[in-house]
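Geometric and topological summary
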Amino acid sequence: MFDPRDPVFLADPYPAFAELRAEGEVHRHDGLGMAVTVSHAATSAVLRHRGLGRIWSDAQPLERFASFNLLHRNSLLESEPPAHTRLRKQISGAFARGHVQRLNERIAALASAMVDELAGKIAADGSADLLEFVAQPLPVAVIAELLGVPQSDGPRMVAWSNAVVKMYEYGIPESERDAAEAAAGEFVEYVRSQATKPRSGDLISDLLRSELTPDELVATAVLVLMAGHEATVNVLGNGVSALLTHRAQWERLVADRGLLDSCVEELIRFDAPLQLFERTATTDVEIAGFRLAPGDKIGALLGAAARDPLVFTDPDTLDISRSPNAHLGFGAGIHYCVGAPLARVEISAALDALATRLPGLRLAAPPPRRPEFVIRGLQTLPVTT
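If you're wondering where the values come from, they're calculated on a predicted model, not measured in any experiment.

**A short note on the sheet that holds strand 5 (residues 276-281)**
Spatially, the 5 strands line up as an open sheet ordered 1-2-8-5-3, and their pairing is mixed. Every other strand in the sheet has two partners, leaving strand 1 (26-29) and strand 3 (52-53) as the edge strands with one partner each. Sheet topology places strand 1 next to strand 2 (residues 34-37); 4 bridges connect them, and they run antiparallel. Residue pairing in the sheet places His27 in a bridge with Val36 of strand 2. The strands that helix 3 (residues 40-48) touches are strand 1, strand 2, strand 3, strand 5 and strand 8 (297-301); relative to strand 8, the one it contacts most, it runs at about 125 degrees.

Spelled out as structure tokens, the structure:
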């Protein structure tokens with residue numbers, strides 16, 4: 001069984017997933033303390049099964065993790081019907097009020113300006129970090145516009161998000177757990193202060209007019225930043241690295257921008273930014289012959305599902321024209337990502353700007369991986385031309 005802390009596994013987990021898939025669709029992982037799915041069918045079943053839920057358990061001790069627990073106890077992501085139904089109705093309604101359409105031109109302009117800055121840095125220094133100049137700042141700038149908060153607060157929000165999401169990994173040190181709580185507390189106070197300011201035309205103002213409680217509003221705003229930022233950063237980082245490694249695919253995109261939409265989907269599939277999504281059985285459940293009793297946990301391995309040869313022809317091949325592409329990168333069922341349309345626009349805009357401004361882009365050095373499994377990304381992405 002794979003070790004989620006092994007650097008060799010983290011560098012490329014897909015061969016290990018393939019070995020497990022050859023033996024069966026679901027396996028018990030004692031290190032993670034749960035079963036894990038490695039086939040597309042089993043993973044999809046876990047995401048859609050109504051006998052499997054996101055059952056939130058407060059981080060312990062309660063007095064140590066008050067803010068972290070507040071954010072998750074009131075989160076759409078960590079709830080099930082009827083609370084989930086009520087929250088998703090309110091949040092989807094706010095998202096549906098033209099926010100993504102409103103931001104389309106602005107996202108393209110932001111992406112173009114950031115790629116210009118990346119190009120300038122490469123011209124001056126010979127190479128630059130694509131994460132620093134494009135992948136990191138673009139989603140946070142877009143989310144700041146979406147929420148209606150100052151762009152200058154972006155770096156603080158990124159730091160808070162990076163600290164909080166460390167808690168989603170397994171076996172993290174106590175110092176990182178303390179840092180996550182501290183960041184959550186600062187994030188909570190920040191959103192509360194923003195909600196008291198006069199505002200109109202942004203997502204927070206729409207949420208203020210909804211039926212969300214004050215704590216649910218705070219949790220929703222934080223979720224928008226954390227989910228939207230982490231997913232987009234890591235799709236762009238993992239994806240551009242894959243394109244430049246598989247050079248012919250990058251050159252296809254440079255030559256034909258009509259491939260942008262299918263390219264976005266293929267990058268999400270090929271190296272999934274979220275590798276594991278955990279669910280808990282609320283009744284007796286059977287997934288691909290594996291039985292779960294109430295309280296048993298199971299992890300849907302999204303990255304493993306994305307390389308299933310029963311669903312994807314030549315799954316280990318990057319093909320930016322792949323269609324259909326039934327990846328599960330945005331989830332499935334009632335927890336399908338509400339921000340998926342916005343993420344797609346951001347990724348497409350960044351790729352378009354890169355292919356237009358820097359068609360000769362290439363890796364300047366092998367990009368180092370972040371040492372985490374659940375959220376898969378790079379530490380830096382050094383590029384040159």
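**So, the pattern of salt bridges**
A side chain with one charge may pair with a side chain of the opposite charge, provided their charged atoms come close. Evaluated as defined, the whole model comprises 31 salt bridges. The shortest N-O distance in the salt bridge between Asp30 and Arg28 comes to 3.5 Å. Arg291 is the partner of Glu286 in a salt bridge, and the nearest nitrogen-oxygen pair spans 3.4 Å. Assessed through its relative accessible area of 46%, Glu286 is described here as partly exposed. Taking relative accessible area as the criterion, Arg291 reaches 68% and is therefore assigned exposed. Because the salt bridges share partners, they merge into one network encompassing Arg64, Glu174, Arg177 and Asp178.

**Re the side chain of Thr43**
For Thr43, the position within the fold is in helix 3. Assessed through its relative accessible area of 0%, Thr43 is described here as buried.

**With respect to the nonpolar core**
Within the largest apolar cluster, 111 residues are counted, with the highest numbers of intra-cluster contacts made by Leu118, Leu130, Leu351 and Leu361. In terms of residues, this core owes the most to one element, helix 12 (residues 214-245), which gives 14 residues. In terms of nonpolar packing, the next biggest core, distinct from the first, is built from 17 residues, Val46, Phe277, Ala281 and Ala305 among them.

**Re the layout of surface pockets**
Volume-wise, the second largest pocket comes out at about 400 Å³. Elements with a minimum of two residues in the lining of the second largest pocket: helix 2 (14-23) and helix 12. Taken together, the residues of the lining of the second largest pocket break down into 10 nonpolar, 4 polar and 7 charged.

**A short note on the sheet that holds strand 4 (residues 128-129)**
Pairing between sheet strands relies on hydrogen bonds along the backbone, with the strands arranged either parallel or antiparallel. The sheet built from 3 strands is open, its strands ordered 4-10-9 with antiparallel pairing. The open sheet has two edge strands, strand 4 and strand 9 (362-363), and neither has a second partner. Two elements, strand 9 and strand 10 (residues 382-384), share 2 bridges in a ladder whose sense is antiparallel. Paired with Arg362 across the two strands is Thr384, which belongs to strand 10.

Conventions used here
Residues numbered from 1 in each chain as written. Predicted model: local features only at pLDDT ≥ 70, side-chain atom pairs only at ≥ 80, totals over all residues. Heavy atoms only, no water. Pairing = 2+ DSSP bridges. Helix = DSSP H or I, 4+ residues; strand = E, 2+ residues; numbered from the N terminus. Contact = heavy atoms within 4.5 Å. Axes fitted to C-alpha atoms, helices over the stretch in contact; angles between N-to-C directions. Salt bridge = Lys/Arg side-chain N within 4 Å of Asp/Glu carboxyl O. Buried < 20%, exposed > 50% of the residue type's maximum accessible area, 1.4 Å probe, protein only. Core = buried A, V, L, I, M, F, W, Y, C linked by side-chain atoms within 4.5 Å. 1 Å grid on protein atoms, 1.4 Å probe; cavity = no way out; pocket = protein on both sides within 12 Å on 5 of 7 lines; lining within 4 Å. Points joined across faces, edges and corners; volume = space filled by probe spheres on them. Nonpolar A, V, L, I, M, F, W, Y, C, P; charged D, E, K, R; others polar.

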